[in-house]
Amino acid sequence: MKKFIYIVTIALSVFGFASCSEDFFDTEYTTYLSSDKAAKLVSEDPSFLDSYINGEYSWMVQYATAQSAHDDFSHMSVGLSMDMMGEDISINAFHWFGYDYAHDNHEYTYRRTLVDWTVYYTIIAKANEIIDFFSPEEDPTTAAARGYLGQAYTLRAFAYYYLIQLYQHPVTASGTPNLDGKGIPLVYASRDGYTAEEQDARSGRNTVGMVYEQIESDLDKAIALLDPTDGETYIRPAKIYVDKNVAYGIAARYYLLSQQWDKAVTAAQKAYAGYSLMGASGLKDGFMDITNPEWMWGFDHSTETQTTYASFFSHISSITGGYGGLAYSTKLIDKKLYDQIPNSDYRKALFNGPAGNSAQSSAGAKLPYANVKFGWLAGWVMDYVYMRAAEMYLIEAEALAHQGNGTAAAAALSKLMVNRDPSWSASSVTVEDVYQQRRIELWGEGFNGYDLKRLNKGIDRTYEGNNHLAGYKLKFAALDKTWIYQIPNREMQENPKITEEDQNE
Amino acid sequence: MKKFLLLTLSVMMGFTALFAQQKVTGTVTSAEDNATLPYVTVVVDGTTITTQTDLDGVYSINVPAGSNALTFTYVGMETLAVQINNRSVVDVQMMPSAAMLQDIVVVGYGVTRKSSFVGSASVMNNEKLEKMQSSNLSKSLEGAVAGVQITSSSGTPGSGANIYVRGIGSISASQSPLIVVDGVPYEGSLNSIPAQDIESMTILKDAAANSIYGARGSNGVIVITTKQGSADKVRVSFEGRVGINDRAVPAYNIISDAGEYYEMSWEGMRNQMHYGAGMDYVASGYYASANMIDGYLKYNVFKGVDNADLIDPVTGKLSPNATSKKWDDNWMTDVFRKGIRQEYSVSASGGSENTKAYASVSYLNDKGYVEKSGFTRIAARAKVDQNIGKFIKVGFNVAYSNTVQDQFNTSVSSNYSNLFMFSQMIAPIYPIYLYNMETGAQQFGTDGSVLYDWGNEYQRPYSSNSNAYGQLMTSKYSTVYDNVSSRTFVDINILKDLKFTANVAYDVFNRRQVENYTNVGGDALSVGGRGYLTTSRTGALNINQLLNYSPSFGDHSFNLLLGHETKNDTYNYLYGHMTNFVDNDNKDFANATMYQDLTSYTTEYSLEGYFGRLEYNYSNKYYLSGSYRRDGSSRFAPENRWGSFWSVGASWRLDQEGFLRSSGVIDQLKLKASYGTQGNDNIGMTKVYNDLYEISRVDGEASLTKYFRGNRDVTWEKSANFNAGFEASLFDRLSVNADFFIKETKDMIYYRPLAPSQGSPSSLLVNDIDMKNTGVEFEISADLIKTKNIRWNLSLNGTYYKNELTKLPSDKDPNGYQAGSYWRKLGGTLYNWYTYEWVGVDPTNGLPQYNKYVKDDDGNETIEIVNKTSDATLRDTGKSPFPDFYGGFSTTLNMYGFDLSAVFAYQIGGYIMDSYYQALMSGGGEGENWHTDIFNRWTPTNTITDVPRVQKESQVMNETSTRFLTSASYLNLRNLTLGYTLPKNLTKKLGLSNLRVYLVGDNLWYKSARKGLDTRQDIAGTTGYIYSALRTYSVGLTIAF
């Protein structure tokens, strides 16, 4: 008996006290994909980079990028907030985006300044992650690999293009590019070839000019990859991806911003090449279907990606069960702009007149001047539009007009107008004429706020008979401090290269 | 060994008559009521001879020659030793014991005598626990134990509290103590264990007590011991109580009169047109009268008054015709109810010399004062200890409980379906139910069903498309748990002084949670109802092997413990999300048509530790203790996986010294000190050393989003604890314990914020802050009256501590830096409020004023007054949410069978940012209500005030500043109990051993700086729209056979 006890005890002790092997600590964790595993998957099959690229596009429609608020749904919420600062949109009541409408959202402690910063710098971080999969020594040679790298460069340029306009005035009082203005941090991939010291030196407020150089250099690289002079061209599998046309489209936007008119014309022409424009019926399809032939780039929403109330359509569409449709804050067209649209213009039908439309079923769509441009699908799976061919014709026309070539500008614009207003027949147009068409054509799509800044314009919601919300019939001159955001608080706190003196007014 | 065997054998075989002996008989009675006591254990001192009293309290025992003392022990009575002095009849009276567990302290991997314990621990015994009517044990600790602070973010029945032992000990890692149930870490909720099953809760506070738990002891350890069987007759007891739940902390004082609300809204609108939009003052009044209802508030609750006539455009007064209302719904009263609370338990225990068994069954149904909120628990436990032969003892302990918690819309968030936010913030002009706007007639569904006003029909500006009460009544949020907790052990006595123990524990927690948003109205209306279903399974395995060696040589006694422990927790999760529910009464997916989301995952955690402890005792006077433990955690990278923890401690029993022994004043006096370290790896992340990507779907393809930035350098957070104190009892009436402590947490794990220009996620986990809590705590208990029939006890405990940062993050300005709402600097607390300095209201225009600090070129600082916080300067206020002093006091009076006790909890000092009061002091907006303090707002005729003017939608009237920092002091009458125990001679006639009836109330009275503010919500001093604490009144009955 005694022996037995000893044996049992010793056996148990030895068994128990023996060290567990390292396997014991190699625990199961299936919630996420680790970076080690992801890199291994890429090395085994480079097409796994698709998942990184997809990460960019899903980020651009992500809800709650920085804070859980229904006006934080990534790229489209930034555009809408900028539109709200203009005068082309009015609202029936103060609600989400109300502080943007009030020009009261530019301070460093506010949500908007942090959200916009986070949206675009994360696009940059993700692009850098993709860029770093490629050797600094040589450019990729397969179409697929060029596609990944070209998209990453394009998206990085795209993000800087928006950031610089949000956090600095793009033009000076005289209307020339504000190249010496304080810009924004530049964040690099190691493939960019900067030393740690150089990267650190550029993590503060570089000049606008330096940021423009970076955008241009990224776009040059992107176009060389996506539209190679020899070798196979990257063909995108769906319209959610950037291809050469989209890269040219972003280049056209940038050249228009930086006032390089010739380059803007060329890039716009290359961008719309191959696209047709929709006609009167297409305009009434609700701007929610990516298969629309005029759409160059957008996001194809599905059940898994839609964000319901915190979505673009919840706010912009008067027909959804969202904030617009329920009339909490329906987006109305400015009365003056509405009156200026000729009755012959198909686009006038995208807005209610002064009497409203009692035949509509939602409370929002019944309202006077409510937009009915943006539609509604059950399950909230309406697609987002980022770029349409129409915008490219407008860029071409505007750039030509800036050069004083009114006739050529009219010719370019007429390619669009023939699909919009059959009675339009100008033989020469000014920049203002083109701008007027941009306001009508791109209403609510996230362009007007940037246009006002680019063209050095203020707003005036005080005119006689206006339909703006009481208390918000405001007037803001160009270059007013409220047109740009302060650098968000968290960046001020955590970035040693930006000091209080660097802060915007 | 042989001698030991022989001795044991002889005892077992009943060979007691080895020597000449004398027979002693007697009767044992209770000093409390003179009743005789059955089943009292009587032992002849210095022998193993033992017997028990019979049903009449009579015993008979053979006392061998040379023995002259008997010891009487009985549960609930103080152990009594009596000299025989050649008597043949020895009758004794036993005194009831206030804390029968006083002698024994449960420590890591064993128990020890309190007198020999060098560490610091407090015990809360079952008597105190059973009084409290908390469905979650953690809430019973409020004010009960020195050094323990409680915060609670929900009063929903079944919800728990956060427990802080000796102050906050971490930032990003867990701040909660390790919970150990019957020797094994417990990963489940404390709401799964009924208080009736618990013998004691011991809170281990210092290194000497904790270090042996190494891995996770840095926030203290709470050791819960469940009841066990006794080796005598079968005891059965029944406990039942029934009561009512109510709201303990009232709501803020808000405007409840519709007319007053209209007048204030009118003024806000007039001011907005005048000051905001620049309209002429008089015209603004006319504008506001004309537009207030139609253009803004939409609802006119008064009958027979036109919308535009409601407010006089010149005087701003309500129309005298506004006397009769179309509806009279009250959001502060109509949405609450009285909940019924019922609790019943039956337990049985018994056994023989070789077997001890305990079993219990209990049922709790705790309905909240919010409709559809409540907690039910069915629990059962069985515990058997069995000797096998002479050397081996085995035992098992299995508990099962089923808990169901219903708690829709009680989240802390400012979600518009949160009833506590909604009912407080909505203006008193908006109805709960749907009415005809013109006639005021209530509307019903075609089937006569109640219709709620979701705000869509008439475009209510507050809280679009929702009705928190309607949402509550038609939605569901229910969590069901099946908890199985099993413990088995084997003890093997290898030699006299050498024992081997193996413990194996496996706990399983299965959860099923249904969260369903109605398709009747509100948020999910547009998708036809929205449902989430989550199931999860947690399996927690713990195995430890212990070797105990405790030899004695003369005055030297040793106790050596060697141990090894492995732990493995596995968590499986499955989640689905569907919309478009066909039948709103059916919340299952079989009833839903549109798929939205589906996911599942597994996480696993492993821990391995080796440990040893050596205790030395010289002559029961001097004690030394040392421990060492080495732990490995699967959370960290292999090279940073292992951490070492240790402790040393010593104590000196002065009462054993000759010079004190005969003083007659000091019954007991012990000095003690300890120092040591413990760790914390409980950081909510399964693995920290890799970047992690979340996989989502884009067109059916994978899409990667970075979720976490990995850091291989992250390792154990460690806390170093110093403790010095004394324990004394004087005059046979007074006991005083006091400890001084320093608890320093080093290499704290925290999420270092990154510049957002680095992209999302913008934080990185690092070990980079040190923090220290220095404090004093004490417990005093005094028996003011101690006679046969009256006992009156008064107890007080208190804790003072100072929280202090001792090392800032290495990347931060050494002079201090901003962390959200807080300023962190060396010597400051973790949560020093960093906000704008409020300097009152400008009497000329009613605008708020703040200090702006301006430095000139010479560095001289001057102050300017500004009207917006964006122009003002953030300042370290030096104020923090940490109280200066907290604790509790209680009194118990036992008199002729009656018992009366009162337990209070208190806190003095500290500051709360009362942000929900702040929300009620806005300029006015979106049909939101105000606190009645708004009546004192600035107007051209009331210029000397600290409340700015009202101005609709102005963001600047109630900005966060020192204006809303509010004292965190409070006093709470935690529990009041009045009971009556029938005299023992009477109960005996009824065939019972005990019968007690009682009335009990919990949270009966609460007082803080502002009515409505519960300052116990959060350690960091924030507030939320929480399910306000429960007040419970019950009547109860205890019967023991």
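In the block above lies the structure referred to throughout.
Nothing here was measured: the structure is a model prediction, and the numbers come from that model.

## Brief notes about the sheet that holds strand β1 (residues 21-30) of chain B
All names here are of chain B. Taking strand neighbours across the sheet as the criterion, the three strands line up as β4-β1-β7 in an open arrangement whose pairing is mixed. The two strands at the open ends of the sheet, each matched to only one other strand, are β4 (58-64) and β7 (92-94). Direction aside, neighbouring strands of the sheet carry axes that sit 40° apart on average. For β1 and β4, the ladder comprises seven bridges, and the chain directions are antiparallel. Its bridge partner lying in β4, K23 is registered against N62.

## Here we look at the side chain of T113 of chain A
Residues and elements named next belong to chain A. Along the chain, T113 turns up in helix α6 (residues 111-131). Its relative accessible area of 0% is what places T113 among the buried residues. Of the polar contacts made by the side chain of T113, one reaches the backbone oxygen of Y110; its length is 2.9 Å. Among residues more than four places away in sequence, those in contact with T113 are N105, H106, E107, Y108, Y167, Y485, Q486 and P488.

## What about the interface of chain B and chain A?
Listed per partner, the contact involves 85 residues of chain B and 80 residues of chain A. The largest per-residue losses of area from chain B upon contact with chain A belong to Y693, L704 and P756 of chain B, which jointly make up 9% of the total buried on that side. In this structure, the connection of chain B to chain A is made through five salt bridges. Note that R697 of chain B is salt-bridged to E304 of chain A, the shortest N-O span being 3.7 Å. Inspection of the region where chain B meets chain A yields 30 residue pairs in polar contact (both at pLDDT 80 or more). Tallying contributions element by element places strand β27 (residues 592-618) of chain B first for the side of chain B that touches chain A, with twelve residues. Tallied by class, residues from the side of chain B that touches chain A come to 33 nonpolar, 34 polar and 18 charged. Sheet analysis places strand β1 (residues 33-34) of chain A next to strand β31 (residues 692-698) of chain B, joined by two bridges and oriented antiparallel.

## Things to note about the nonpolar core
Formed by 253 residues in total, the largest nonpolar core has its most connected members in Y120, Y160 and W297 of chain A together with Y262 of chain B. A total of 16 residues in this core trace back to one element, the largest contributor, which is helix α7 (residues 143-167) of chain A. Every residue in contact with Y160 of chain A, bar those within four places of it in the chain, is listed here: Y121, I124, I184, P185, L186, V187, V211, Q214 and I215 of chain A. One finds I150, V165, I193 and I203 of chain B within the second-largest nonpolar core, a separate group that totals 23 residues.

## Here's the deal with the sheet that holds strand β38 (residues 822-824) of chain B
All names here are of chain B. In space, the four strands of this open sheet follow the order β37-β38-β39-β43, with antiparallel pairing throughout. At either end of the open sheet lies a strand with only one pairing partner, and these are β37 (817-819) and β43 (874-876). On average, each strand axis in the sheet is inclined to that of its neighbour by 40°, with strand direction left out of account. Pairing geometry for β38 and strand β39 (residues 832-836), over two bridges, is antiparallel. Opposite Y822, over in β39, you have W833 as the bridge partner.

## Things to note about empty space enclosed by the protein
Residues and elements named next belong to chain B. Scanning the model with the defined rule gives 17 cavities of 30 Å³ or more in all. Counted as a void, the largest cavity has a volume near 330 Å³. Every residue lining the largest cavity is counted, 24 residues in all, and those nearest its centre are S134, K139, N1003, A1029 and L1030. Listing elements by their share of the lining of the largest cavity, those giving two or more residues are β49 (994-1008) and β50 (1030-1040). In the lining of the largest cavity, the residues fall into five nonpolar, twelve polar and seven charged. In this model, the second largest cavity occupies a volume close to 180 Å³.

## Description of the pairing of strand β45 (residues 898-908) of chain B
All names here are of chain B. Sheet analysis places strand β44 (residues 885-895) next to β45, joined by eleven bridges and oriented antiparallel. The partner of F889 across the bridge, within β45, is F904. Counting the residues between successive antiparallel strands, the hairpin from β44 to β45 contains two residues, one of them, Y896, with a positive phi of roughly 45°. When β45 meets strand β48 (residues 970-981), the two strands line up antiparallel, connected through ten bridges. Across the sheet, residue A905 finds its bridge partner in β48, namely N972.

## Remarks on the packing of aromatic side chains
Evaluation of the coordinates by the stated rule reveals 89 aromatic pairs over all chains. On the basis of an interplanar angle of 85° and a centroid distance of 5.5 Å, the ring pair of Y186 of chain B and F509 of chain B is categorised as edge-to-face. Taken together, the residues span a long stretch of sequence, with Y186 of chain B in the loop between β14 (184-185) and β15 (198-204) and F509 of chain B in strand β23 (residues 498-517) at a distance of 323 residues. With respect to burial, Y186 of chain B and F509 of chain B carry one shared label: buried. Ring geometry for Y532 of chain B and Y575 of chain B: centres 6.1 Å apart, planes at 20°, overall stacked. Pair noted here: Y532 of chain B is in strand β24 (residues 530-549) and Y575 of chain B is in strand β26 (residues 556-581), with a separation of 43 residues, a long-range link. Neither residue differs from the other here; Y532 of chain B and Y575 of chain B are each classed as buried. The structure contains a cluster of three or more aromatic residues connected by ring pairs, namely Y57, Y120, F158, Y161, Y162, Y241, W297, Y386 and Y450 of chain A. Across the ring face of Y101 of chain A, the terminal group of R461 of chain A is positioned such that the distance to the ring centre comes to 3.9 Å.

Parameters and conventions
- Residues numbered from 1 in each chain as written.
- Chains lettered and ligands numbered in written order.
- Predicted model: local features only at pLDDT ≥ 70, side-chain atom pairs only at ≥ 80, totals over all residues.
- Heavy atoms only, no water.
- Pairing = 2+ DSSP bridges.
- Helix = DSSP H or I, 4+ residues; strand = E, 2+ residues; numbered from the N terminus.
- Axes fitted to C-alpha atoms, helices over the stretch in contact; angles between N-to-C directions.
- Buried < 20%, exposed > 50% of the residue type's maximum accessible area, 1.4 Å probe, protein only.
- Polar contact = N/O pair within 3.5 Å; in protein donor to acceptor, adjacent residues only side chain to side chain.
- Contact = heavy atoms within 4.5 Å.
- Buried area = accessible area lost by both parts, 1.4 Å probe.
- Salt bridge = Lys/Arg side-chain N within 4 Å of Asp/Glu carboxyl O.
- Nonpolar A, V, L, I, M, F, W, Y, C, P; charged D, E, K, R; others polar.
- Core = buried A, V, L, I, M, F, W, Y, C linked by side-chain atoms within 4.5 Å.
- 1 Å grid on protein atoms, 1.4 Å probe; cavity = no way out; pocket = protein on both sides within 12 Å on 5 of 7 lines; lining within 4 Å.
- Points joined across faces, edges and corners; volume = space filled by probe spheres on them.
- Phe/Tyr/Trp six-rings, centres within 6.5 Å; stacked < 30°, edge-to-face > 60°.
- Lys NZ or Arg CZ within 6 Å of the ring centre and 35° of its normal.

Function cannot be read off these values alone, since they describe shape.
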